[in-house]
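If you want the building blocks of each chain, they are given just below.
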Amino acid sequence: MKDKEKEMVEFRYYEMPQGMSVLALLGEKWETQYGTDSMHFHNYMEIGYCYDGEGWMCLGGRMVPYCAGSITVIPKKFPHRTVVEKQGIQKWEYLFVDVEKFILQSMPGQTFKAEQLIERLEGGMFVLNADESGENDFLIKSIFEEMRNKGELYYVSVKAKLMALLIELVRSKPKEEFDELVGIQDKGLESVLSVLEYIEKNYQEDISIEQMLNISHMSETHFRRKFKEYFHTSPSEYLNLVRIKRACELLECSDTKIADVALRSGYQTTGSFIRNFKKIVGELPKDWRKTAKKKVDNPVNYNISVLKGW
């Protein structure tokens, strides 16, 4: 009975573009109606900017108001959702940041200081309203424009501005004022998340259901039921989605042969890869590649949320 009384929490997974530590969600898609989403969390830190709208950010058990000009900072694996009083269109844009990877790479030889910064950033969720955002407002908008326009040396500029933004965010919120840490209370969810992390790191390997069960410490029936309950897909379908997402990245970013793309994405045979690719994407890999290379936008963002989400 207790499991049924718990609020459903949804995991929204994003895969970072190859060689990068930051992903931007920009444009008209994020100018929409907010407040109807379920409680959810991500695999990377979410930094959101509200251009237009108002409401409350439900941060675990707390309700924190936001309005136009607010910046929301949500570490990975922290449940949250938006709540609004008046239904209507709001405009947001977002950065998703692999904080640990980015900071450690940006501060070589300064491991202790880097780990302190990571700990502060991942230690709590908070909202900065327009009157307290200071330099953060300029920095995040500047990063959005760099990611939107992709001019000469744009990613070099993004990395410099992102480092400045993360430092300013820490300065903006003293450690003692961080919201109380909200963890995942559902042990079943924690167990299944450990499997997702394993898949993300080892999708190129031949991952069996037995390996997943050993990681989750569940029976097969219980594991499959929990996986479907939380992520609206089966373990094998999820593994396929992760592999096909990686394949799309390779197809667009290189001239790697289809057979090699299959192997690097975790498929033992080209035929199996092609069948799964067509099932998920809707067309053959060679045809998708031709279309992708003609697009102005980076198709690494194609079908970016591989789980039920936005």
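Figured I'd write up the structure that's included with this text. All of these numbers come straight from a predicted model, not from anything done at the bench.

Analysis parameters
Residues numbered from 1 in each chain as written. Predicted model: local features only at pLDDT ≥ 70, side-chain atom pairs only at ≥ 80, totals over all residues. Heavy atoms only, no water. Axes fitted to C-alpha atoms, helices over the stretch in contact; angles between N-to-C directions. Helix = DSSP H or I, 4+ residues; strand = E, 2+ residues; numbered from the N terminus. Parallel < 35°, antiparallel > 145°, perpendicular 65-115°, else oblique. Contact = heavy atoms within 4.5 Å. Nonpolar A, V, L, I, M, F, W, Y, C, P; charged D, E, K, R; others polar. Expected span 1.5 Å × (residues − 1). Phe/Tyr/Trp six-rings, centres within 6.5 Å; stacked < 30°, edge-to-face > 60°. Buried < 20%, exposed > 50% of the residue type's maximum accessible area, 1.4 Å probe, protein only. Arc of directions from axis to C-beta. Left-handed = near helix turned anticlockwise from the far one by under 90°. Core = buried A, V, L, I, M, F, W, Y, C linked by side-chain atoms within 4.5 Å. Salt bridge = Lys/Arg side-chain N within 4 Å of Asp/Glu carboxyl O.

1. Overview of the packing of helix α6 (residues 187–202) against helix α8 (residues 220–231)
Part 1 of the reasoning: Between α6 and α8, the least distance of the axes is 10 Å, while the angle of their chain directions is 90 degrees. Here α6 lies roughly perpendicular to α8, going by the angle between them. Touching Gly 188, Leu 189, Val 192, Leu 193, Val 195 and Leu 196 of α6 are Phe 223, Lys 226, Phe 227, Tyr 230 and Phe 231, all from α8.
Part 2 of the reasoning: Its residues assigned to classes, the contact of α6 with α8 shows 9 nonpolar, 1 polar and 1 charged.

2. Quick look at α8
Part 1 of the reasoning: With 12 residues, α8 should cover 16 Å at 1.5 Å per step; its first-to-last C-alpha distance of 16 Å lies within 8% of that length.
Part 2 of the reasoning: Taken from the residues just after α8, His 232 is the one with a positive phi, measuring 60 degrees.

3. A word on the packing of aromatic side chains
Part 1 of the reasoning: Taken as a whole, this structure holds 13 aromatic pairs when the rule is applied.
Part 2 of the reasoning: Aromatic side chains Tyr 51 and Phe 144 sit 6.5 Å apart centroid to centroid with 40 degrees between the ring planes, which places their arrangement in the tilted category. Here Tyr 51, found in strand β5 (residues 45–52), pairs with Phe 144, found in helix α4 (residues 135–149); they are 93 residues apart in sequence, far enough to count as distant.
Part 3 of the reasoning: Of the residues examined, Phe 144 reaches a relative accessible area of 0% and is grouped as buried.
Part 4 of the reasoning: Within the aromatic cluster, the residues linked to one another by ring pairs are Trp 30, Tyr 34, Tyr 66, Trp 92 and Tyr 94.

4. A few points about helix α2 (residues 99–106)
Part 1 of the reasoning: Looking at α2, one finds that the buried residues are Val 99, Phe 102 and Ile 103. All buried residues of α2 fall inside an arc of 90 degrees around its axis, so they share one side.
Part 2 of the reasoning: At its buried positions, α2 is contacted by β5, β10 (89–97), α3 (111–121) and α5 (154–172).

5. Things to note about the packing of α6 against helix α7 (residues 209–216)
Part 1 of the reasoning: Following both chains from N to C, one finds α6 and α7 inclined at 130 degrees, their axes separated by 8 Å at the closest point. Considered as vectors, α6 and α7 are oriented oblique to each other. Here α6 runs over α7; the crossing is right-handed. On the side of α6, the interface is formed by Ser 191, Ser 194, Val 195, Tyr 198 and Ile 199, while α7 contributes Gln 211, Met 212, Ile 215 and Ser 216.
Part 2 of the reasoning: For the contact of α6 with α7, the residue count by class is 5 nonpolar, 4 polar and no charged.

6. Side note on the environment of Ile 143
Part 1 of the reasoning: By the element assignment, Ile 143 lies in helix α4.
Part 2 of the reasoning: For Ile 143, a relative accessible area of 0% translates into the label buried.
Part 3 of the reasoning: The spatial distance from the C-alpha of Ile 143 to the C-alpha of Lys 159 is 8.8 Å, given a sequence separation of 16 residues.
Part 4 of the reasoning: Setting aside chain neighbours within four positions, we find Ile 143 in contact with Leu 95, Val 158, Lys 161, Leu 162 and Leu 165.

7. What to know about the nonpolar core
Part 1 of the reasoning: Within the largest apolar cluster, 34 residues are counted, with the highest numbers of intra-cluster contacts made by Ile 47, Leu 95, Ile 103, Leu 121, Leu 165 and Leu 169.
Part 2 of the reasoning: The dominant element in this core, judged by the number of residues it contributes, is α5, at 9 residues.
Part 3 of the reasoning: Excluding anything up to four places from it in sequence, Leu 95 contacts Val 22, Leu 23, Ala 24, Met 45, Glu 46, Ile 47, Ile 140, Ile 143, Phe 144 and Leu 165.
Part 4 of the reasoning: In terms of nonpolar packing, the next biggest core, distinct from the first, is built from 25 residues, Val 195, Ile 207, Met 218 and Tyr 238 among them.

8. Thoughts on the pattern of salt bridges
Part 1 of the reasoning: The final tally for this structure, using the stated rule, is 9 salt bridges.
Part 2 of the reasoning: Residue Glu 229 is joined to Arg 225 by a salt bridge in which the shortest nitrogen-to-oxygen separation is 3.9 Å. Residue Glu 229 and its partner Arg 225 are located together in helix α8, separated by 4 residues, close to a single helical turn.
Part 3 of the reasoning: Judged by its relative accessible area of 47%, Arg 225 is partly exposed.
Part 4 of the reasoning: Three or more residues joined by partner-sharing salt bridges are found here, namely Glu 93, Glu 145 and Arg 148.

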